[in-house]
Amino acid sequence: MIKSKNDLYSYIKADLNTFGFSKVFVPLKKKILSIVIPYIWKYEIILRKTEYYSNCREDLIGRIICNIYKIRLYKYGIKLGFSIPINTCGPGLRLCHIGTVVINPNSRIGKNARIHVGVNIGNYSKFDGNWVPTNAPIIGDNVYIGPGAKLFGSIHIGNDVAIGANSVVNKDVENHVTVAGVPCRVINKSGSDNMIIKGMK
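Here the structure is a predicted model, which is why all the values come from computation and not from measurement.

Caption draft 1: Representation of the nonpolar core. One finds Ile84, Ile115, Ile145, Leu151, Ile157 and Ile163 to be the most contacted residues of the largest nonpolar core, which totals 45 residues. Once you skip the residues sitting within four places of it in the chain, isoleucine 84 turns out to touch Tyr43, Leu47, Leu73, Cys89, Leu95, Val101 and Ile103.

Okay, structure coming up:
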């Protein structure tokens, strides 16, 4: 979670590292930045700035700026198909494509997550007898989530895990494995090695 301006810069740098541009955001002026950085990067920068102002600025000006960033985040989210609440994703987030990504606000995702299009990380249906608002996935570090994967319920995903395309994950997953299928099962012990770029070590 971003708790200071230094955290803000380190999160943005880690996010941009996953795209291969670790030094792009500091020296460039706004006009150049808007040309160099495509929409997904802009979305992630706005996400991080919204987190910073929400978590760190209690003053009136801070709250005003926070609300402006929340509006911008919402508009960019509609444009790109992203529904990602603040304070859910650790540093080094890589959103790979424009398209639907939905994350429950009670989910927590560790550093260096690589998330593809069509991913849904959510809760059980409210009509389920086991429904509790906080029953959402907790995901470790260095996790690759393939296109169309669905993760739901009160589950824990370990570190260095790879989740195959169109998998349905509704149970805990141990560290350093690859899972796939409906419902998912362990298919090998390779994990996310060579599948992600670590924006933050």
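On we go.
Caption draft 2: Local environment of the sheet that holds strand β10 (residues 156-157). Taken together, three strands build an open sheet; the order of strands is β4-β7-β10 and the sheet is parallel. Because the sheet does not close on itself, it has two edges, and the strands there are β4 (108-109) and β10. Relative to strand β7 (residues 138-139), β4 is paired through two bridges, and the arrangement is parallel. Bridged to isoleucine 109 within β7 is isoleucine 139.

Caption draft 3: Expanded view of a nonpolar patch on the surface. Together, Leu60, Ile64 and Ile68 give the surface a local cluster of nonpolar side chains, amounting to about 290 Å² of exposed area. Along the chain, the position of leucine 60 falls in helix α4 (residues 60-80).

Caption draft 4: Representation of unusual backbone geometry within the structure. With an omega of -10 degrees, the peptide bond running from valine 182 to proline 183 counts as cis. Mapped onto the elements of the fold, proline 183 is located in the loop between β13 (178-180) and β14 (185-188). For histidine 176, which is not a glycine, the phi torsion comes out positive at approximately 55 degrees. Looking at the element boundaries, histidine 176 is found in the loop between β12 (168-169) and β13. Take histidine 176: its relative accessible area is 28%, and that puts it in the partly exposed class. In this model, asparagine 194 sits at a positive phi of 65 degrees, which is unusual for a non-glycine residue.

Caption draft 5: Geometry of helix α3 (residues 39-56). With 18 residues, α3 should cover 26 Å at 1.5 Å per step; its first-to-last C-alpha distance of 25 Å lies within 8% of that length. Looking at α3, one finds that the buried residues are Ile40, Trp41, Tyr43, Glu44, Ile45, Ile46, Leu47, Arg48, Thr50, Glu51, Tyr52 and Tyr53.

Caption draft 6: Fine view of the environment of valine 179. Along the chain, valine 179 falls in strand β13. Judged by relative accessible area, which is 1%, valine 179 ranks as buried. Once the C-alpha coordinates of valine 179 and lysine 189 are considered, the two residues, 10 residues apart in sequence, prove to be 9.0 Å apart. In contact with valine 179, other than residues within four places in its own chain, are Ala162, Ile163, Gly164, Ser167, Val173, Cys184, Arg185 and Val186.

Caption draft 7: Broad picture of the packing of aromatic side chains. Summed over all chains, the structure comprises four aromatic pairs. When the centroid spacing of 5.1 Å and the interplanar angle of 70 degrees are considered together, the rings of tyrosine 43 and phenylalanine 82 count as edge-to-face. On the criterion of sequence distance, the pair formed by tyrosine 43 in helix α3 and phenylalanine 82 in strand β1 (residues 82-83) is long-range, its members being 39 residues apart. On the basis of relative accessibility, which here comes to 5%, the residue phenylalanine 82 falls in the buried class. A ring pair is formed by tyrosine 52 and tyrosine 53, whose centres lie 5.0 Å apart and whose planes are at 75 degrees; its orientation type is edge-to-face. With relative accessibility at 15%, the residue tyrosine 53 sits in the buried group. The cationic tip of lysine 79 hangs over the ring face of tyrosine 76; the distance from NZ or CZ to the ring centre is 5.3 Å.

Rules of the game
Residues numbered from 1 in each chain as written. Predicted model: local features only at pLDDT ≥ 70, side-chain atom pairs only at ≥ 80, totals over all residues. Heavy atoms only, no water. Core = buried A, V, L, I, M, F, W, Y, C linked by side-chain atoms within 4.5 Å. Buried < 20%, exposed > 50% of the residue type's maximum accessible area, 1.4 Å probe, protein only. Contact = heavy atoms within 4.5 Å. Pairing = 2+ DSSP bridges. Helix = DSSP H or I, 4+ residues; strand = E, 2+ residues; numbered from the N terminus. Patch = residues over 30% accessible without salt bridge, like charges linked within 9 Å, V, L, I, M, F, W, Y side chains within 5 Å. Areas by Shrake-Rupley, 256 points an atom, 1.4 Å probe, with all protein chains shown as cover. Salt bridge = Lys/Arg side-chain N within 4 Å of Asp/Glu carboxyl O. Expected span 1.5 Å × (residues − 1). Phe/Tyr/Trp six-rings, centres within 6.5 Å; stacked < 30°, edge-to-face > 60°. Lys NZ or Arg CZ within 6 Å of the ring centre and 35° of its normal.

Remember, this is a structural readout, not a statement about activity or role.
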